[in-house]
Amino acid sequence: MAAEREPPPLGDGKPTDFEELEDGEDLFTSTVSTLESSPSSPEPASLPAEDVSTNSNGRKPAEVVLDDDREDLFAEATEEVSLDSPEREPILSSEPSPAVTPVTPTTLIAPRMESKSISAPVIFDRSREEIEEEANGDVFDIEIGVSDPEKVGDGMNAYMAYRVTTKTSLSMFSKSEFSVKRRFSDFLGLHSKLASKYLHVGYIVPPAPEKSIVGMTKVKVGKEDSSSTEFVEKRRAALERYLQRTVKHPTLLQDPDLRQFLESSELPRAVNTQALSGAGILRMVNKAADAVNKMTIKMNESDAWFEEKQQQFENLDQQLRKLHASVEALVCHRKELSANTAAFAKSAAMLGNSEDHTALSRALSQLAEVEEKIDQLHQEQAFADFYMFSELLSDYIRLIAAVKWEAKVQQGERDFEQISKTIRKEVGRFEAKRVKDFKTVIIKYLESLVQTQQQLIKYWEAFLPEAKAIA
Amino acid sequence: MEGRQEAGKENKPSSTSVDPQGDSSLQVEISDAVSERDKVKFTVQTKSCLPHFAQTEFSVVRQHEEFIWLHDAYVENEEYAGLIIPPAPPRPDFEASREKLQKLGEGDSSITREEFAKMKQELEAEYLAIFKKTVAMHEVFLQRLAAHPTLRRDHNFFVFLEYGQDLSVRGKNRKELLGGFLRNIVKSADEALITSMSGLKEVDDFFEHERTFLLEYHTRIRDACLRADRVMQSHKCLADDYIPMSAALSSLGTQEVNQLKTSFLKLAELFERLRKLEGRVASDEDLKLSDMLRYYMRDSQAAKDLLYRRLRALADYENANKALDKARTRNREVRTAESNQQLCCRRFERLSDSAKQGKTPWLRNPCHWAAYPARVPTSPPSSPELMDFKSRRVSSFRKNLIELAELELKHAKASTLLLRNTLVALKGEP
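Residues numbered from 1 in each chain as written. Chains lettered and ligands numbered in written order. Predicted model: local features only at pLDDT ≥ 70, side-chain atom pairs only at ≥ 80, totals over all residues. Heavy atoms only, no water.

S.K.: When you look at the overall build of chain A in this model, what are you seeing that I'm missing?
M.R.: When helices and strands are counted, chain A shows 15 helices and three strands. Residue burial in chain A is summarised as follows: out of 471 residues, 56% are buried. Within chain A, residue pairs in contact and separated by at least 24 positions form 76% of the contacts whose partners lie at least 6 positions apart. Looking at chain A as shown, the accessible area adds up to about 20,800 Å², and 52% of this sits on carbon and sulfur atoms. (Helix = DSSP H or I, 4+ residues; strand = E, 2+ residues; numbered from the N terminus. Buried < 20%, exposed > 50% of the residue type's maximum accessible area, 1.4 Å probe, protein only. Contact = heavy atoms within 4.5 Å. Areas by Shrake-Rupley, 256 points an atom, 1.4 Å probe, with all protein chains shown as cover.)

S.K.: In this structure, what is going on with the confidence of the model for chain A? I would like to understand it.
M.R.: Low pLDDT means the predicted coordinates in that region are not meant to be read closely. Residue and element names in this part refer to chain A. Residues at a pLDDT of 70 or more form 58% of chain A, whose mean pLDDT is 67. With pLDDT under 50 throughout, residues 1-138 is counted as low confidence; its partners more than four residues away or in other chains account for 180 contacts. Throughout residues 294-301 the model reports pLDDT below 50, and contacts reaching past four residues in sequence, or to other chains, amount to eleven contacts. (pLDDT = per-residue confidence, 0-100.)

S.K.: Any chance you could explain the environment of His235(B) here in plain terms?
M.R.: Turning to its location among the elements, His235(B) is positioned in helix α6 (residues 205-255). On the basis of relative accessible area, His235(B) is assigned to the buried category, the value being 7%. Separated by 50 residues in sequence, His235(B) and Glu285(B) place their C-alpha atoms 9.2 Å apart. Ignoring anything within four residues of it in the chain, the contact list for His235(B) reads Leu337(A), Glu278(B), Val281(B), Ala282(B) and Glu285(B). Within polar-contact distance, the side chain of His235(B) engages the side chain of Glu278(B) at 2.7 Å. (Polar contact = N/O pair within 3.5 Å; in protein donor to acceptor, adjacent residues only side chain to side chain.)

S.K.: Would you mind going over a nonpolar patch on the surface with me for this structure?
M.R.: A surface patch of nonpolar side chains, amounting to about 400 Å² of accessible area, comprises Leu178(B), Phe181(B), Leu182(B) and Ile185(B). The topology assignment puts Leu178(B) in helix α5 (residues 174-196). (Patch = residues over 30% accessible without salt bridge, like charges linked within 9 Å, V, L, I, M, F, W, Y side chains within 5 Å. Salt bridge = Lys/Arg side-chain N within 4 Å of Asp/Glu carboxyl O.)

S.K.: Would you explain the pairing of strand β2 (residues 159-168) of chain A in this entry?
M.R.: Across a regular strand the side chains alternate sides, sitting on one face of the sheet and then on the other. Residues and elements named next belong to chain A. As defined by bridge partners, strand β1 (residues 142-152) adjoins β2 across nine bridges and the pair is classed as antiparallel. The residue of β2 that forms the bridge with Val-152 is Tyr-159. Across seven bridges, the pairing between β2 and strand β3 (residues 177-183) is antiparallel. The partner of Thr-166 across the bridge, within β3, is Phe-178. (Pairing = 2+ DSSP bridges.)

S.K.: Explanation requested: helix α8 (residues 334-355) of chain B in the structure shown.
M.R.: Working note: α-helix, 3.6 residues per turn, so residues spaced by three or four point in the same direction. Residue and element names in this part refer to chain B. For α8, which comprises 22 residues, the first-to-last C-alpha distance of 31 Å matches the rise-based estimate of 32 Å (1.5 Å per residue) to within 8%. Buried residues of α8: Val-334, Ala-337, Gln-341, Cys-344, Cys-345, Phe-348, Arg-350, Leu-351, Ser-352, Asp-353, Ser-354 and Ala-355, and no others. On its buried face, α8 sits against α6, α7 (260-330) and α11 (385-428). (Expected span 1.5 Å × (residues − 1).)

S.K.: I tried to follow the interface of chain B and chain A on my own but got confused; where do I start?
M.R.: Often, the extent of an interface is quoted as the loss of accessible area on bringing the components together. On the side of chain A, 55 residues touch chain B, which itself brings 63 residues to the contact. Counting across the chain B and chain A interface gives five salt bridges. The closest approach of N and O atoms between Lys413(B) and Glu461(A), which form a salt bridge, is 3.6 Å. Taken together, chain B and chain A are joined by 15 residue pairs in polar contact (both at pLDDT 80 or more).

S.K.: Hey, could you run me through the packing of α6(B) against α11(B) in this one?
M.R.: Each pair of packed helices can be described by the angle between their axes along with the distance between the axes. Residues and elements named next belong to chain B. Where α6 meets α11, the axes come as close as 12 Å, and the angle between the chain directions of the two elements is 35 degrees. Considering the relative orientation of α6 and α11, their crossing is left-handed. Along the contact surface, α6 presents Phe-206, Phe-207, Glu-210, Phe-213, Leu-214, Tyr-217 and Ile-221, while α11 presents Leu-386, Met-387, Phe-389, Arg-393 and Phe-397. Considering only residue class, the contact of α6 with α11 consists of ten nonpolar, no polar and two charged. (Axes fitted to C-alpha atoms, helices over the stretch in contact; angles between N-to-C directions. Left-handed = near helix turned anticlockwise from the far one by under 90°. Nonpolar A, V, L, I, M, F, W, Y, C, P; charged D, E, K, R; others polar.)

S.K.: What exactly am I supposed to notice about the environment of Gln381(A) here?
M.R.: All names here are of chain A. Relative to the helices and strands, Gln-381 resides in helix α14 (residues 358-412). Its relative accessible area of 2% is what places Gln-381 among the buried residues. Measuring from C-alpha to C-alpha, the distance between Gln-381 and Ser-448 comes to 7.3 Å, with 67 residues separating the pair along the chain.

S.K.: Mind showing me how you'd approach the state of the cysteines here?
M.R.: Note on terminology: disulfide describes a covalent bond linking the sulfur atoms of two cysteines. In this structure the tally under the stated criterion is zero disulfides over all chains. As a non-bridged cysteine, Cys332(A) has Cys237(B) as the owner of its nearest cysteine sulfur, 8.9 Å distant. Of the residues examined, Cys332(A) reaches a relative accessible area of 42% and is grouped as partly exposed. We note that Cys345(B) lacks a disulfide partner, and the nearest cysteine sulfur, in Cys344(B), lies 8.7 Å from it. (Disulfide = S-S within 2.5 Å.)

S.K.: Sorry, what's going on with the nonpolar core here?
M.R.: The nonpolar side chains of a soluble globular protein tend to be buried, and buried together. Ranked by size, the top nonpolar core spans 104 residues in total, and within it Trp460(A), Leu293(B) and Phe397(B) carry the most contacts. Elements represented by at least two residues in this core include exactly α13 (301-354), α14 and α15 (417-468) of chain A together with α6, α7 and α11 of chain B. Per-element accounting of this core gives the leading share, 20 residues, to α14(A). When residues no more than four places from it in sequence are discounted, the contact partners of Trp460(A) are Leu367(A), Val370(A), Glu371(A), Ile374(A), Leu404(B), Ala405(B), Glu408(B) and Leu409(B). Membership of the second largest hydrophobic core comes to 36 residues, among which are Tyr162(A), Val180(A), Leu243(A) and Val247(A). (Core = buried A, V, L, I, M, F, W, Y, C linked by side-chain atoms within 4.5 Å.)

S.K.: Hey, could you run me through the sheet that holds β1(A) in this one?
M.R.: Residue and element names in this part refer to chain A. The strand order across the open sheet formed by three strands is β1-β2-β3, and the pairing between neighbours is antiparallel. The strands lining the two open edges of the sheet, one partner per strand, are β1 and β3. Neighbouring strand axes in the sheet, compared pairwise and without regard to direction, differ in orientation by 20 degrees on average. The strands that helix α7 (residues 184-198) touches are β2 and β3; relative to β3, the one it contacts most, it runs at about 100 degrees.

S.K.: Where do I start with the confidence of the model for chain B in this structure?
M.R.: All names here are of chain B. On average, residues of chain B score 81 in pLDDT, and 84% of them reach the 70 mark or higher. Long-range and interchain partners of residues 1-17, a stretch whose pLDDT sits below 50, account for 52 contacts in this model, where long-range means more than four residues apart. Ignoring residues within four places in sequence, the model shows residues 358-383, a span with pLDDT below 50, making 25 contacts including any to other chains.

S.K.: Could you clarify how one ought to interpret the packing of α6(B) against α7(B) in this entry?
M.R.: Residue and element names in this part refer to chain B. At a closest axis distance of 7 Å, the pairing of α6 and α7 adopts a crossing angle of 165 degrees. Between α6 and α7, the interaxial angle falls into the category roughly antiparallel. In this structure, α6 meets α7 at a crossing whose hand is left-handed. In terms of residue class, the contact of α6 with α7 is built from 31 nonpolar, ten polar and 14 charged. (Parallel < 35°, antiparallel > 145°, perpendicular 65-115°, else oblique.)

S.K.: Teacher, can you tell me more about the environment of Lys167(A) here?
M.R.: Residue and element names in this part refer to chain A. Tracing the backbone shows Lys-167 in strand β2. You can call Lys-167 partly exposed: its relative accessible area is 41%. For the pair Lys-167 and Asp-141, spaced 26 residues apart in the sequence, the C-alpha separation amounts to 8.1 Å. Setting aside residues no more than four positions away along its own chain, Lys-167 makes contact with Asp-141, Ile-142, Glu-143, Ser-176 and Glu-177.

S.K.: Any chance you could explain the packing of aromatic side chains here in plain terms?
M.R.: Geometry of an aromatic ring pair is reported as the spacing of the ring centres plus the angle between the planes. Under the criterion given, the structure shown has 18 aromatic pairs over all chains. Judged by centre distance (5.8 Å) and plane angle (85 degrees), the ring pair of Phe438(A) and Phe264(B) falls under edge-to-face. Taken together, the residues span two chains, with Phe438(A) in helix α15 and Phe264(B) in helix α7. Both residues of the pair, Phe438(A) and Phe264(B), belong to the buried class. Members of the aromatic cluster, each reached through a chain of ring pairs, are Phe42(B), Phe67(B), Phe141(B) and Phe160(B). Above the ring of Phe184(A), the side-chain terminus of Arg235(A) is found at 3.5 Å from the ring centroid. Note that Arg62(B) overlies the ring of Phe160(B), its terminal NZ or CZ placed 5.4 Å from the centroid. (Phe/Tyr/Trp six-rings, centres within 6.5 Å; stacked < 30°, edge-to-face > 60°. Lys NZ or Arg CZ within 6 Å of the ring centre and 35° of its normal.)

S.K.: Explain the side chain of Ser448(A) here, please?
M.R.: When you line up the elements, Ser448(A) lands in helix α15. A distance of 3.4 Å separates the side chain of Ser448(A) from the side chain of Gln381(A), its partner in a polar contact.

See the structure below:
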């Protein structure tokens, strides 16, 4: 599909060269009108024109700088981010350029992407419309599944390969159904690229699943026990949710890196992936927050919005963490209950065997059976507790960490209205999605609880006549 | 912590089937109980028309140690060697509960005021439940004594029930406790010894069977009891987990400004109610299952003790026989040996008869009772102890298992209703 399009003239990179932009001095407002379907924020008070020119002129050199430093910024989460450190400059200088069109970041990526980036703008346009046509919200015709975890290799160099299957009718993809094999570091690599392109621009990039040295080592070493199968299953589910969240994002869906991830059979090994663990992001957020707080911030109405949002997300984060911790305790205790019930079932069976009164003996054996079934029930419920409830909460906690990063970046970068608009839109999208997600999962979880109770009723109803039969 | 218990029959957790109405000539109950710093004072009320007592209705206040004194008096009385002595009630133990309350008081600043109030409520309910249980255990002990035709006539029992003053029975000091502990060890060692004695053959199949049965049964019921306890504990933990969950959901609800607000608040309420239900499941399992298993664990130990005493008597009898033979060959002290042997024989037979269906019809004829009014028949006419143990056990298990199943069903149905209502409410919203 991509080959059919005629690549538009790629000028010297000046924003005005792009077709979808109207000529005009007010670069940002025109961009805003093209890209934003529902700007919710008031017009920016001032727009420093000199920044624009600096960007157009200084773009090329900034490109290279941006690339490396951006990598560094994300690579060393423990590095001190201070106001004067070189890392901040790329953000300041490059902000407007990527902000002009979301497509621009791709031109700043390593050379091998050049060929794709040329055709990208037009495709972007078309598929964007397609996507916005599909739904006014989050439903795109694309479905991702992560399945069939397979161990590749031996010993400490072994890794798990997962099958990533995409089903879609979107025209930007060459086929309607295809699958590839990916390993965990590929996912982290994808996230690293997306984050470096979009995070600082104001998009909420869904965080990748956590790394786990212990879990992976067990798998590598070949421990075939239930805890390593559990670990692999947990990871598989997390990777699936991660990809599903990512493709649901209209902007990220456009990204060629994402498409390459989903489509191409060979993917260059991603390096430097230790950077973007959830913990790493949190550390970064905190360091950046400290840096930002040192700046004097001029208050105006858009600041107020961000202040409020930031506070809101702080609170939300805190409460979600508390809830998550208590759900984790619930899962743990339910597992204990299951184990204890199984142990009791065994001893009830033994007691039934000893009992020399026939009817009582039979009733005790029945009791043992009931308890055994109940133990199974508890196990399944614990599973549901975990996958439905607990994992959702931990996903959202990490998402919110990413959102907080947005808000904090914005606090420092409030001059750049583009980001502001993007962030507001993102936050709005995030909120709507969050509401929907939570509701769906909560309803599913409650239904699982109902199921458990129904089963309990069945078991005890079967037992009651046995107890009454004791003569 | 102070607690009063107005023990009416309806709210007593009675996990054993003692039928106090069986013989209305002596009715005992614990009508009141007070918990002070480290002891519990039980008010024992007796209603009786028996001539031994000065009044028809009277009460005394007794403490746990006095119950133990009474129990030990029975155990040490040779006359009751052929009977199963009802197990002594366990010492009231509020230690764990008190510790938890204290820890809560010391405070964990991360919990909200509502959470604190709820946890305190839970712990207080736990304290009250333990209190009710200890009252029930002490009452059941007395009621079994009152229902037993032989044991109820014991002089010490009358003193216990009637004597207005403190019995001046202090708790066992360390030496006595140690002594008791050592006695138990000696007893089990002795038991092992006499059963392995080559000469000692169990003469009666019935007892052989009973012994094997009881040994195995006792071990298994003890196991079951421990594990039932753990299940109950897990249920309690689960119930407690709902407290912080409900609190967090509540805060989330109050913070939210969108459609999630009502959802979260409803969820918070749901988990609060589920907590109460889960708590009730835990306490019902405790009463109907754990407590019943525990009681019969103790009762089966008492039955084992009876068998041991009988075995001991058999061993003595055997030894006496041997001694008599020896005396006869030497023709020395034959008389003493003879009378000793007679004694041992009679004792052994008495214990055997008392334990199972008696072979001595003589004592069972009520005419002979009339002829010897002062003499307390050592072999109760129609309550063979081991048979009695079995029938008590079966009917108690039946009652409790039925009640357990019914309660579990009740709670599961209530939970389902609660969950369904919440689901309807959640789905109904935009």
